[in-house]
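Examination of the molecular architecture
These are the residues of each chain, in order.
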Amino acid sequence: QQLLGWDIRVIIVVTGALTTLYTCLGGIEGVIWTDAVQSVVLIAGALSCAILIPLGMPQGPGQMFQIAQEHNKFSLGSFALSITAPTFWVILVYGVFINLQNFGIDQSYVQRYLTAKTPTEANRSVWLGALLYLPTSLLFFFIGAGLFAFYSAQPDLLPSELHAEIASGKGDNVFPYFIVHRLPDGFTGLLIAAIFAAAMSTLSSSLNGSATLTLTDFYRRFLRPQASERESMVILYGATIAWGVIGTGVALAMIHVRSALDAWWSLAGIFSGGMLGLFLLGLMARRAGNAAAASGVTVGVLVLLWLTLSTTTLWPQSWQSLRSPFHSFMTIVVGTLTILLIGLGVSRLVGRTAPAPTESSATKQGASGHD
C-alpha cells in the first residue's frame, strides 16, 4: 500500500487470488518450491534491511544500539513471575507450546515431512526448520528495534499520521514506509518481494493443508469413503478455492487490528490449545479411550471459552470477579494442560474401574494390538 498507493483491500484480494491460483495448479509440490524461493527472498531482504538501518543513522551504527539500549529494546522483558503480562516466562512457555503445535501437529508443517523420501530426510527438515526459527525471529526483532532507533533519532522523517498510529500502539506501517522512502533502488523491490513472499508462503501452505484435511478427514470419512481419484481432485480444487476465499476474508477483517503479529499470536493460542492437548493425550496415555478424550476436550473447550470471552466486552458485568487472570498468550498453555490432565485422570479412573477382560477378549485385544 505504501509503495503503490492502492487500496489495501485490493492488494489483499489480488494477493489472495494469486496464491490460491498457484496452490490449485501446483499442489504440494508447487507450495514447497515456491516456499523455498520465497524463503530465500525473505531472508535476503531482511538481512539487507538489518545492514542498511544502522548505516542510515545520523551518527553511525553505534547510535542505533545506544538508543535501542536506552529504551530497553534489547531486553528479554520482565523476569517477574506473573501470568497477567507478557513476561519472559510467559513468552517462553507460550513459545514451547506453540512450536510443539507447529512442528508436531500443524498440517501445513507435517505435509512437508510426508513428502520426504526417507525418515532421515524428514528428520533433517524438522531440525533445519527448528534451528532456523530462533535466528530468523531475532533478525526481524532486530529490524524492529533498529526502526525504533532510526525514527527516534530522526522523527521528522516520519509523517504525522504514522506518529499517531505509533502512539496508539499500531506500528505495522512503519517498516513498509521505511522500505519505500529510505532504501536505495533495487533494495526496495527486494524488500517488497520479501513481504509478499512471507504472506504468500503462509497462505499457500495453509490452503494446501486445509484442502487435504477437508478431503481425508471429512469428505472421504463421512460422505464418500470410496471416492474416485477424479472425484477427490475435484474436491481438492474446490476446497482450495473455498479456503482461499475464507483466508482472504479473514485478512480483510483484520485490516484495522492493533498489530497483526499480536492478533495472530492470540488467535493461534485459542485455536491450537484444544488440538495440541488431544494429541499429547494420545501420545502420553496409549490407553486413553473415547471417554478420556471426550472428557478432556469438553472441559478444555469450556476453559478456552472462559479464557477468551472473560476478557472481552461480551463477559457480563456481574461476572467480573470470574474474569481470567491469564495473559492471552497463556491460552494455549492452559487449554492444552487442561485437556491433557483431565484426559489422563479419566483414563486412569476408567482403567481402574473397568472389569478384567476374559481370556477370549484378551486374546482378541492382543491380536488387534499386533495388527
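Note that the structure is predicted; figures quoted are calculated from it, not measured. (Residues numbered from 1 in each chain as written. Predicted model: local features only at pLDDT ≥ 70, side-chain atom pairs only at ≥ 80, totals over all residues. Heavy atoms only, no water.)

Side note on helix 5 (residues 119-153)
It helps to recall that an α-helix has 3.6 residues per turn; residues three or four apart then point in one direction. For helix 5, spanning 35 residues, the distance from its first C-alpha to its last is 52 Å, which sits close to the expected 51 Å at 1.5 Å a residue. Maximal helix bending in helix 5 amounts to about 30 degrees, located at Y133; proline P135 follows within four positions. Considered for burial, the residues of helix 5 that qualify are A122, L139, I143, A145, G146, L147, A149, F150 and Y151. Where helix 5 is buried, its residues touch helix 1 (8-55), helix 2 (61-70), helix 4 (107-113) and helix 7 (174-182). (Helix = DSSP H or I, 4+ residues; strand = E, 2+ residues; numbered from the N terminus. Expected span 1.5 Å × (residues − 1). Bend = angle between axes of the 7 residues up to and from the residue. Buried < 20%, exposed > 50% of the residue type's maximum accessible area, 1.4 Å probe, protein only. Contact = heavy atoms within 4.5 Å.)

Quick notes on the side chain of S204
Summarising the element assignment, S204 is placed in helix 8 (residues 187-223). Apart from the residues within four sequence positions on either side, S204 is in contact with T19, Y22, T23, V31 and D35.

A few points about the pattern of salt bridges
For the coordinates displayed, the defined rule picks out 2 salt bridges. Residues R9 and D7 are paired through a salt bridge, measuring 2.7 Å at the closest nitrogen-oxygen approach. Where E231 meets R224, a salt bridge forms, and the shortest distance between an N and an O atom there is 2.9 Å. E231 gets classed as buried once you look at its relative accessible area, which sits at 19%. (Salt bridge = Lys/Arg side-chain N within 4 Å of Asp/Glu carboxyl O.)

Let's talk about the nonpolar core
One finds C49, I53, I143, L147, Y151, F175 and F178 to be the most contacted residues of the largest nonpolar core, which totals 23 residues. If you list the elements that add at least two residues to this core, you get helix 1, helix 2, helix 5, helix 7 and helix 8. By residue number, the principal contributor to this core is helix 5, which donates 6 residues. Setting aside its immediate chain neighbours within four residues, F175 contacts C49, I143, L147 and L191. Among the nonpolar cores identified, the runner-up in size contains 17 residues, and Y94, L280, F329 and I332 belong to it. (Core = buried A, V, L, I, M, F, W, Y, C linked by side-chain atoms within 4.5 Å.)

Details of a nonpolar patch on the surface
Taken together, L76, F79, L81, W89, L92, V96 and L100 make up a surface patch of nonpolar side chains, about 750 Å² in accessible area. Secondary-structure assignment places W89 in helix 3 (residues 88-105). Among the residues examined, W89 registers a relative accessible area of 36% and is labelled partly exposed. (Patch = residues over 30% accessible without salt bridge, like charges linked within 9 Å, V, L, I, M, F, W, Y side chains within 5 Å. Areas by Shrake-Rupley, 256 points an atom, 1.4 Å probe, with all protein chains shown as cover.)

With respect to the confidence of the model for the chain
With 89% of its residues at a pLDDT of 70 or more, the chain has an overall mean of 82. Model confidence for the chain, summarised as mean pLDDT per element, is weakest for helix 13 (residues 359-370) at 41 and strongest for helix 2 at 93. In the predicted structure, residues 356-371 sits below a pLDDT of 50 and forms 1 contact with residues beyond four places in sequence or in another chain. (pLDDT = per-residue confidence, 0-100.)

Quick notes on helix 2
Listing the buried residues of helix 2 in full gives Q63, M64, I67 and A68. The arc that holds the buried residues of helix 2, viewed along the axis, is 125 degrees, so those residues lie on one side. Turning to helix 2, the residues buried within the fold contact helix 1 and helix 5. Directly beyond the C-terminal end of helix 2, a positive phi value near 60 degrees is found at N72. (Arc of directions from axis to C-beta.)

Thoughts on the packing of helix 1 against helix 9 (residues 229-253)
Taken N-terminus to C-terminus, the directions of helix 1 and helix 9 make an angle of 160 degrees; their axes are 9 Å apart at the nearest point. Taken together, the axes of helix 1 and helix 9 are roughly antiparallel relative to one another. You can see that helix 1 and helix 9 cross each other, and the crossing is right-handed. Only Y237, T240, I241, G244, T248, A251 and L252 of helix 9 make contact with helix 1, whose side of the interface consists of R9, I12, V13, G16, T20, T23 and C24. (Axes fitted to C-alpha atoms, helices over the stretch in contact; angles between N-to-C directions. Parallel < 35°, antiparallel > 145°, perpendicular 65-115°, else oblique. Left-handed = near helix turned anticlockwise from the far one by under 90°.)

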